[in-house]
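Structural overview for review
The primary structure of each chain is shown beneath.
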Protein chains: 2
Amino acid sequence: MNLKNQVEWALHCCAVLSNLPEGRYLSARSLSEFHGVPKEYLGKALQGLSKAGIVHTTLGPSGGYRLALPAGEITFLNVVEAVEGRKSTFQCSEIRANNPCRPGDFCDDKPCAIARVMWKADEAWRQTLAAVSLADLQQTLQQDLPAEILRRSTEWLLDRAG
Amino acid sequence: MNLKNQVEWALHCCAVLSNLPEGRYLSARSLSEFHGVPKEYLGKALQGLSKAGIVHTTLGPSGGYRLALPAGEITFLNVVEAVEGRKSTFQCSEIRANNPCRPGDFCDDKPCAIARVMWKADEAWRQTLAAVSLADLQQTLQQDLPAEILRRSTEWLLDRAG
DNA sequence: GACAAATTACTCGGATACACTTTGTCCGAGTTTAAAAGG
DNA sequence: CCTTTTAAACTCGGACAAAGTGTATCCGAGTAATTTGTC
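What counts as what
- Residues numbered from 1 in each chain as written.
- Chains lettered and ligands numbered in written order.
- Predicted model: local features only at pLDDT ≥ 70, side-chain atom pairs only at ≥ 80, totals over all residues.
- Heavy atoms only, no water.
- Least-squares fit on C-alpha atoms with pLDDT ≥ 70 in both.
- Contact = heavy atoms within 4.5 Å.
- Salt bridge = Lys/Arg side-chain N within 4 Å of Asp/Glu carboxyl O.
- Buried < 20%, exposed > 50% of the residue type's maximum accessible area, 1.4 Å probe, protein only.
- Helix = DSSP H or I, 4+ residues; strand = E, 2+ residues; numbered from the N terminus.
- 1 Å grid on protein atoms, 1.4 Å probe; cavity = no way out; pocket = protein on both sides within 12 Å on 5 of 7 lines; lining within 4 Å.
- Points joined across faces, edges and corners; volume = space filled by probe spheres on them.
- Polar contact = N/O pair within 3.5 Å; in protein donor to acceptor, adjacent residues only side chain to side chain.
- Disulfide = S-S within 2.5 Å.

By the naming in an unreviewed UniProt entry, chain A is Rrf2 family transcriptional regulator, taken from Novosphingobium lindaniclasticum LE124.

Right, dumping it as structure tokens:
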């Protein structure tokens, strides 16, 4: 079980969009060029973000994407779920019902004990992702990256932002 | 991203094997019949458990599987990793290196900030799974299930255990 | 110079193709127990 | 009754097939800004 690489791309795109001045838009083409990934396929991920209300888009030239909310109000979980979907990683297919010793009309009052554990783990995963916002990420990146690269990247982006 | 259904099957098989008296073995055929899943394919999952040292197997008639350790020393994580593999759900492909503003010889001293968050979430997931043992599961099941079904199931298993 | 029309640049969505993984089946080789055969 | 041989039941592993999902690519429709053309 692997997350799609679109999740990674979407997160990196959000990190870039966090650095964009308010009201400016950055096109899918520029985002794909900046990250070195195919534009058309990246578009699918961005459409996911758009549908989830995480980014806002405008059409036409100088159109593109910007965050629809302040970076502090968008979490990793929001982005991951927008691309990957909201359903649990563990799918219970109720095979306990196949037990030949169960009466046919027997009805369980609780979900399967195994599924409960797996879902709890899933919940822990989501909670960790929900605890980190794009603003947190931006702060981390500013500590990690040399100022020179940050400056040049910002310049590169502003050159292309509509 | 979904876990394989083999994970679910393997966990259910382990739950059954936890109820087996010490020294008895249960065949893949019986396990597949009990859970209503294809025998050959279930065999693949059991082979994973065997390779990971979670179950012990004997050949020949009256052969089959039993737990290789006390149920209290086998965790959900052990079983899940035996079937699903040990690598993280998030794969960092280092697309930050594609940033056109980075000098070609620049070397990051830390892993990507985005990957760090994703890996932390993965760790939380694993920690939750590592906190529950098969003994815990067995106890939960005994509280959940009616005594009648438990008794009949145990009888069914002992009939077939070698 | 003001207004309308055409062009351009972009997003969005659907259709399509390819590769990889999951899911499942089949069969042969090797191993151990149980049953049958022979003395 | 005891020993040897045969048969049966099982695991293990590899090869193979089908279905589903992930990873793209391509193209047409719609929209907004810009440019061009007209008065």
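Now, onward.
**Quick word on the relation of the copies chain B and chain A**
Placing chain B over chain A gives an RMSD of 0.1 Å and needs a rotation angle of 180°, together with 0.0 Å of translation along the axis. Interpreted geometrically, this transformation is the action of a two-fold axis. In this assembly the copies share their binding face: 98% of the residues contributing to the interface of chain B also contribute to that of chain A.

**Some words on the pattern of salt bridges**
The final tally for this structure, using the stated rule, is 20 salt bridges over all chains. Notably, a salt bridge pairs A:Arg86 with A:Glu81, separated by 3.4 Å at the nearest N-O pair. Classification of A:Arg86 as exposed rests on a relative accessible area of 62%. With its nearest N and O atoms 3.4 Å apart, the salt bridge here joins B:Arg96 to B:Asp108. Taken together, the residues span a long stretch of sequence, with B:Arg96 in the loop between α4 (76-84) and α5 (113-130) and B:Asp108 in the loop between α4 and α5 at a distance of twelve residues. Salt bridges sharing common partners tie together A:Glu81, A:Arg86, A:Asp122 and A:Arg126.

**Notes on empty space enclosed by the protein**
Within the structure shown, the criterion is met by one cavity of 30 Å³ or more. The computed volume of the largest cavity comes to approximately 40 Å³. A:Met1, A:Thr89, A:Asp122, A:Trp125, B:Met1, B:Thr89, B:Asp122 and B:Trp125 together form the lining of the largest cavity. For the lining of the largest cavity, the secondary structure elements donating two or more residues are α5 (113-130) of chain A together with α5 of chain B.

**Some remarks on the side chain of A:Arg102**
For A:Arg102, the position within the fold is in the loop between α4 (76-84) and α5. At 3.1 Å, the side chain of A:Arg102 and the side chain of A:Asp108 are in polar contact. When near neighbours in sequence (up to four residues on either side) are disregarded, A:Arg102 contacts A:Arg96, A:Ala97, A:Asp108 and B:Ile149.

**Points about the state of the cysteines**
As used here, a disulfide is simply a covalent bond connecting the sulfur atoms of two cysteines. Residue and element names in this part refer to chain B. In this structure the tally under the stated criterion is zero disulfides over all chains. Just so you know, Cys13 is unpaired, no disulfide at all, and the nearest cysteine sulfur is the one on Cys14, 7.0 Å from it. Note on Cys112: no disulfide assigned, nearest cysteine sulfur contributed by Cys92 at a separation of 4.7 Å.

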